[in-house]
Structures are given as structure tokens and as C-alpha cells.
Amino acid sequence: MVIATQLRKASSSSSIGEDSIDAKLAGMFLDAPPSTHDDEIPTEQIGITVRRTLVSANYEARAIVGLSESINALSKTPEDFLFCFLATSGTDGSAPGNHMHQVLLEAFCFEHDIYIIKVDSAEKLSRMLGAHRVESCALVQKGWKDIATAAEDRLVDYCEEHWDNPVKPIVKLPEK
């Protein structure tokens, strides 16, 4: 898959080097043009696929929204979950404990083979799930009848493709 690097416009007084944090973060966003290979998912559709998965899981009451709720659900039955969506922005920076909980949640998901998908915005994630406050995490349980939706199948393929990457790409969610 082709990952496009988009750097924010820097003023003439400051430049962004290739090793800067902004350059590294910009390189993780998946908003490249569609892939030419038939077996790969076009990158701009990943955000739409994430939205479809979240909306259908929420409608079927298979979505757990919120960091504390997710940790509690995973501690009871980790084998029931398929995806963990973590927002990289929009989280409450005033609570340093949230960062530690996210790191622990990510490690727990990795240990139990739960696919981790990082998304660009907690606000968009919360809006898709109809949450009343901004949440930085959501879990999706496996389907009740062991029949995955087409969107979930596509996300599994996407996650398998990026499973061994040391830094997971950040999926850019659609605005609506």
C-alpha cells in the first residue's frame, strides 16, 4: 500500500526536517490515492470502512465506548472482541492517567490478538458512536452469529497487512 506523506505548510521562518515529529506523524496518515493492486484496499476507503463497522456494531449493541468501559469489558472476556479503536488526538491532556491506561489497553489488546486501529480524531469517533462526551477508545465485539460483515472482513484484511508494523498507521476518519 502506498502511504502518502503530507507535511503541513511551514512558514518561511521555520522548516520541517525529515526527522521532525511533524514529518513522522504526517507520514502515518493514510490518505493516498487508490491502490492499483486488486488485493489491496484503497486507502481513502479505510476511514469509510471504519465508520461502517462502528455504526453497524453500535446499532447491534456490540460497541463498547470509553476507556474505563473498554478496560472493564476486556478484563472479563477478552476473547469476545475483534477490534479496538484508539484516537490519537482530541483526548484529554489534563489527565495523565488516560495516556497510561491507553498504553496498557493497547498492550492487552496485542497480547489477546485484538486488532488495534488508530484513528485521527476522538471527536469523530465519539460522533460516529453517538457518545454524549468525547471518548478516545471504542471496542467492537465479534458478531453474534460468527458472520462478519463485509466492512469487518475488510478491516481484518487491513489489520493483517499492518500487523507487523512497529508504528501503526493512523486512519483518517471521514467528516460525516
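Our structure is the block above this text.
Residues numbered from 1 in each chain as written. Predicted model: local features only at pLDDT ≥ 70, side-chain atom pairs only at ≥ 80, totals over all residues. Heavy atoms only, no water.

Participant: Can you walk me through the sheet that holds strand E5 (residues 170-171) in this structure?
Facilitator: Neighbouring strands of a sheet are bound in pairs by backbone hydrogen bonds; such pairs are parallel or else antiparallel. Pairing is mixed in the open sheet, where 5 strands are placed in the order E1-E4-E2-E3-E5. Taken across any chain shown, the strands that pair with only one partner, and hence form the sheet edges, are strand E1 (63-65) and E5. Bridging between E1 and strand E4 (residues 137-141) involves 3 bridges; their strand directions are antiparallel. Within E4, the position partnered with Ile 64 by the bridge is Leu 139. Packing against the sheet, helix H3 (residues 67-76) makes contact with E1, strand E2 (81-87) and E4, and its axis sits at approximately 35° to E4. (Pairing = 2+ DSSP bridges. Helix = DSSP H or I, 4+ residues; strand = E, 2+ residues; numbered from the N terminus. Contact = heavy atoms within 4.5 Å. Axes fitted to C-alpha atoms, helices over the stretch in contact; angles between N-to-C directions.)

Participant: Got a minute to help me understand the pattern of salt bridges in this structure?
Facilitator: Pairing between side chains of opposite charge can happen when the charged atoms of each approach one another. For the structure on display, the rule yields 6 salt bridges. Between Arg 62 and Glu 60 there is a salt bridge, with its nearest N and O atoms 2.7 Å apart. For Glu 60, a relative accessible area of 35% translates into the label partly exposed. Between Glu 152 and Arg 62 there is a salt bridge; the shortest N-O distance is 2.6 Å. Here Glu 152 is found in helix H6 (residues 150-161), whereas its partner Arg 62 is found in the loop between helix H2 (46-59) and E1, with 90 residues between them in sequence. (Salt bridge = Lys/Arg side-chain N within 4 Å of Asp/Glu carboxyl O. Buried < 20%, exposed > 50% of the residue type's maximum accessible area, 1.4 Å probe, protein only.)

Participant: Explanation requested: the packing of H2 against helix H5 (residues 122-129) in the structure shown.
Facilitator: Describing two packed helices takes the angle between their axes plus the distance from one axis to the other. Two elements in contact, H2 and H5, have axes whose closest approach is 9 Å; the angle formed by their N-to-C orientations is 40°. Put simply, H2 runs oblique to H5. For the pair formed by H2 and H5, the contact residues are Arg 51, Leu 54, Val 55 and Asn 58 on the first element and Leu 125, Met 128 and Leu 129 on the second. Split by residue class, the contact of H2 with H5 holds 5 nonpolar, 1 polar and 1 charged. (Parallel < 35°, antiparallel > 145°, perpendicular 65-115°, else oblique. Nonpolar A, V, L, I, M, F, W, Y, C, P; charged D, E, K, R; others polar.)

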